Amino acid sequence: MTTQKVTDVLVVGGGPAGSSAAYWAAKAGLNVLLLEREIMPRERVCGDALTPKAAGQLYDMGLEDATKKMHRHFGLRMTARGHSIDLDWPGDHAHPDHGLVIRRSRLDALLNSNAVKAGAEIWTGVEVEDPIIEYGHLRGCRAVGNGTGTGPEGALEVRAKFVIIADGPISHFGRALGTARSRTYAQGLAIRGYFQCERHMENQLELVFDLRNKSGGELPGYGWVFPVGDGTVNVGVGLLSHHFGNEAISLEGLFQHWVSQIPPNWEINLENIEDKPLSGRLPMGGSVHPRSGPNWLVVGDAAGSVNPFNGDGVEPALNNGRLAASVISSAIATGDGLELRKYEAELELSYDRYYKLGRIATKALGRPGLMRKLTLLGIQSRVVTELALRISSNLINNDAGGTESVYQVATQLARLVPDRDK
Ligand SMILES: Cc1cc2nc3c(=O)[nH]c(=O)nc-3n(C[C@H](O)[C@H](O)[C@H](O)COP(=O)(O)OP(=O)(O)OC[C@H]3O[C@@H](n4cnc5c(N)ncnc54)[C@H](O)[C@@H]3O)c2cc1C
């Protein structure tokens, strides 16, 4: 027998994007059903670092107290071309002065339960199989529950007025509706592992841009050490996919190579690794289109929303989910489905133009000669590096001109690049 269910909003996927959408839609008084194939808490490959902007999103969802015991970081140490610089997060009235590091198993479980507290129904252990399309319109989905989570066992059919697609980087559901990732945009590939470490309580993130392959060639990306505050540090390395063109790079080989290059004061070696390192992809820069249809919206990694400057995907996921819930709630309140058009328009305004700069930056990363000069210039100047940090973390103060000021700052930075690099 097939279980039938009818709801206002169906959310496919219970990562940060889906949970945020479910929370905000439920808060707006809508009936929400979220389907998640895993059972919480579940692991999700990630660096676990939340920028101050992402922390602000959590606090907006009433999670400030719940995150008090989580590990906070107040800045970063960046190393490029052998030079290091310590930077604090800017901290202004618009954002917290700190970010968080929290294992995704904990974060995603917390976000799920927060959405349930707000009134959303979440069925875990339920795999969404395909969309129900009638007369060319999306009506809901078919799914199957394994009976081990909060969802029912067996075949399911969910019908909904609106659907939010939050099924992560592979996004089978989105693809079934016709979404596609543009191959001309770079995609990130990253691998991480946890190590026991005495310095797990450090309140600074470590980022190293001096990545090299075994033959000494420069690689576009960075290695990280993020203290988790639970006896471990999250160690990883990320690269841009367009670099993989002619060179077969094993991510595991790169990970081992990076571990051997980590500044020695961390005392990290492969013997102290908790488990096998795991890798994943980061669809970035708003690379997936379309991100909306007549009654559906795509959010988070499913929409290619990762920040191309720094691989931050949790903040855009939380933000996309909130925005999707807001336009759907307006559409239901006004009875005007055209409200959904505001989703694309708002993404264009708040992310796409900024991401365009990021794509230019990722192209520059593929040009080692230019990058050598940029990183040297940047790392030797605190002013330039602090500006770069604000831009790359999307911490430009909106009150001071929003994305326009990003362009102004970027223009200033671009002027500093010697002409012969063009
Ligand atoms: C190695 C690595 C390091 C990273 N480090 C960072 C970092 O430090 N900071 C940061 O901000 N970002 C980081 N990211 C990016 C970040 O992890 C993602 O951007 C973020 O998880 C996106 O959230 P999401 O909700 O869109 O997708 P996901 O977190 O992928 O959630 C999607 C959910 O949908 C579920 N799902 C999928 N298909 C179905 C289906 N058919 N039926 C039911 N459920 C389904 C999945 O089980 C999953 O729970 C990193 C990524 C990688 C790979």
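Above this text is the structure in question.
Calculation notes
Residues numbered from 1 in each chain as written. Predicted model: local features only at pLDDT ≥ 70, side-chain atom pairs only at ≥ 80, totals over all residues. Near = placed C-beta within 6 Å. Helix = DSSP H or I, 4+ residues; strand = E, 2+ residues; numbered from the N terminus. Nonpolar A, V, L, I, M, F, W, Y, C, P; charged D, E, K, R; others polar. Pairing = 2+ DSSP bridges. Contact = placed C-beta atoms within 7 Å. Axes fitted to C-alpha atoms, helices over the stretch in contact; angles between N-to-C directions. Buried ≥ 20, exposed ≤ 12 C-beta atoms within 10 Å, placed from the backbone.

Asker: Give me the site of the ligand: which residues, what numbers.
Answerer: As a structural note, the neighbourhood of the ligand is formed by 40 residues, with Gly13, Gly15, Gly47, Gly300 and Gly313 the closest of them. Elements with a minimum of two residues in the shell around the ligand: helix H1 (16-27), strand E2 (32-36), strand E9 (126-134), helix H4 (172-176), strand E13 (187-196), strand E17 (278-283) and helix H6 (314-334). Here the shell around the ligand is composed, by residue class, of 17 nonpolar, 12 polar and 11 charged.

Asker: Please set out the sheet that holds strand E7 (residues 99-101) residue by residue, giving values where relevant.
Answerer: A sheet is described by the order of its strands in space; here three strands give the open sequence E3-E7-E4, paired in antiparallel fashion. Either end of the sheet is taken by a strand with one partner, and the two such strands are strand E3 (49-50) and strand E4 (71-73). Bridging between E3 and E7 involves two bridges; their strand directions are antiparallel. Opposite Leu50, over in E7, you have Leu100 as the bridge partner. Here helix H2 (residues 52-60) sits on the sheet and contacts E3 and E7; the angle it forms with E7, its principal contact strand, is near 85°.

Asker: How would you sum up the pairing of strand E15 (residues 221-227)? Please name residues and give values.
Answerer: Of all seven residues that make up E15, seven are buried, and the element is covered over most of its length. Both faces of E15 are covered, namely the face carrying Gly221, Gly223, Val225 and Pro227 and the face carrying Tyr222, Trp224 and Phe226. As paired strands, strand E14 (residues 204-208) and E15 are joined by three bridges and run antiparallel to one another. Paired with Glu206 across the two strands is Val225, which belongs to E15. Bridge count between E15 and strand E16 (residues 232-240): seven bridges; the pairing is antiparallel. Bridge pairing links Val225 to Val235 in E16. Taking the residues that link successive antiparallel strands as the turn, the E15-E16 hairpin has four residues, and the phi of Gly229 there is positive, at about 80°.

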